[in-house]
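Given next are the chains, with one letter for each unit.
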Amino acid sequence: PFKESNLLKDYIDMCINYKLKFEKYPSLLKKTHDIVAKNINILQEVSITELENDFKEATMKYFEVESKIVVDDPFNPGKKKRYLFKVPTSIKELIQEGNNLHHCVGSYAKKIINGESRIVFMRDADNPNVSFITIDIDENYNLVAAKKNFNEEPEKEYYEIIKKWLKEKK
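Fair warning: this is a prediction, and the values are worked out from it, not measured in the lab.

Taken together, the five strands give an open sheet; going across it, the order is E1-E2-E3-E4-E5, and neighbouring strands pair in antiparallel fashion. Each having just a single partner strand, strand E1 (67-72) and strand E5 (143-147) make up the two edges of the open sheet. Averaged over all pairs of adjacent strands, the angle between their axes in this sheet comes to 25 degrees, without regard to strand direction. Taken together, the six bridges between E1 and strand E2 (residues 80-86) define a ladder with antiparallel strand orientation. Within E2, the position partnered with Val71 by the bridge is Lys81. Taken strand by strand, helix H3 (residues 91-101) contacts E2, strand E3 (118-124), strand E4 (133-137) and E5, and its axis lies near 55 degrees from that of E3.

Time to look at the packing of aromatic side chains. Inspection of every chain in the model, using the stated rule, returns six aromatic pairs. Taking the centre distance of 6.2 Å and the plane angle of 80 degrees together, the rings of Tyr83 and Tyr158 count as edge-to-face. Of this pair, Tyr83 sits in strand E2 while Tyr158 is found in helix H5 (residues 156-169), placing the two residues 75 residues apart along the sequence. This pair shows no difference in class: Tyr83 is buried, exactly as Tyr158 is. Aromatic side chains Phe132 and Tyr158 sit 5.0 Å apart centroid to centroid with 85 degrees between the ring planes, which places their arrangement in the edge-to-face category. Within this pair, whereas Phe132 is found in the loop between E3 and E4, its partner Tyr158 is found in helix H5, the two being separated by 26 residues in sequence. Its relative accessible area of 10% is what places Tyr158 among the buried residues. Taken together, the aromatic side chains of Phe75, Tyr83, Phe132 and Tyr158 make up a single cluster linked through ring pairs. Note that Lys111 overlies the ring of Tyr108, its terminal NZ or CZ placed 4.4 Å from the centroid.

Summary: where empty space remains is shown by rolling a probe the size of a single water molecule over the atoms. A complete count under the given rule lists one cavity of 30 Å³ or more for this structure. There is about 30 Å³ of room inside the largest cavity. If you trace the largest cavity, you find it lined by Asp10, Asp13, Met14, Asn17, Ser107, Tyr108 and Lys111. Considering each element in turn, the lining of the largest cavity owes the most residues, four residues, to helix H1 (residues 2-17). Split into classes, the residues belonging to the lining of the largest cavity amount to two nonpolar, two polar and three charged.

Here the focus is the nonpolar core. Of all hydrophobic cores here, the largest spans 41 residues; its most connected members are Phe85, Leu94, Val120, Met122, Ile135, Ile162 and Trp165. Among residues more than four places away in sequence, those in contact with Phe85 are Val65, Glu66, Ser67, Ile69, Val120, Phe121, Met122, Ile135, Ile161, Ile162 and Trp165.

Here we take up H5. Count 3.6 residues to each turn of an α-helix, and residues three or four apart come out pointing the same way. Its 14 residues place the ends of H5 20 Å apart at the C-alpha level, agreeing with the 20 Å of an ideal helix rising 1.5 Å per residue. Those residues of H5 lying buried are Tyr158, Tyr159, Ile161, Ile162, Trp165 and Leu166. One side of H5 holds all its buried residues, which, seen down the axis, span an arc of 160 degrees. Turned more than 90 degrees from where H5 packs its buried face, Lys156 and Lys167 sit exposed. Tucked into the core, H5 has its buried residues touching E1, E2, E3, E4 and E5.

How each quantity is defined
- Residues numbered from 1 in each chain as written.
- Predicted model: local features only at pLDDT ≥ 70, side-chain atom pairs only at ≥ 80, totals over all residues.
- Heavy atoms only, no water.
- Pairing = 2+ DSSP bridges.
- Helix = DSSP H or I, 4+ residues; strand = E, 2+ residues; numbered from the N terminus.
- Axes fitted to C-alpha atoms, helices over the stretch in contact; angles between N-to-C directions.
- Contact = heavy atoms within 4.5 Å.
- Phe/Tyr/Trp six-rings, centres within 6.5 Å; stacked < 30°, edge-to-face > 60°.
- Buried < 20%, exposed > 50% of the residue type's maximum accessible area, 1.4 Å probe, protein only.
- Lys NZ or Arg CZ within 6 Å of the ring centre and 35° of its normal.
- 1 Å grid on protein atoms, 1.4 Å probe; cavity = no way out; pocket = protein on both sides within 12 Å on 5 of 7 lines; lining within 4 Å.
- Points joined across faces, edges and corners; volume = space filled by probe spheres on them.
- Nonpolar A, V, L, I, M, F, W, Y, C, P; charged D, E, K, R; others polar.
- Core = buried A, V, L, I, M, F, W, Y, C linked by side-chain atoms within 4.5 Å.
- Expected span 1.5 Å × (residues − 1).
- Arc of directions from axis to C-beta.

Given below as structure tokens:
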């Protein structure tokens, strides 16, 4: 129920932000959500240049969270693993993250500009250009959400790494 309620909230927020009509209780929630997210991504591309400066200004407010972290590899005992936490530098990069991971983070540009959301990309430091986990944190650097491909929840081992990173940033 938690996952579905978050999906419904995202869907309704997207529709309200872009003045789109919406169903309060769509029967195919995930499919409806994903279609709206893709359409909004197209809408955003039209107005990207107008919002880009505001987006960059907003992300600079939490840019200090960017870092690399070295941890024990949760899946290969005895080995170390490096992860990179990166703030998006443009709306296009945000949209690309959503497209790469098949989730709606591309629609969060206005939330970031309004200070309602702080998005950070978690990457394998050995593959920094490959989307891995998208993280949303609040203004106090508490975890709001973390999503992998198709809005899947990360494994608990990755949540532990994210918690460690956030603790270091606080």
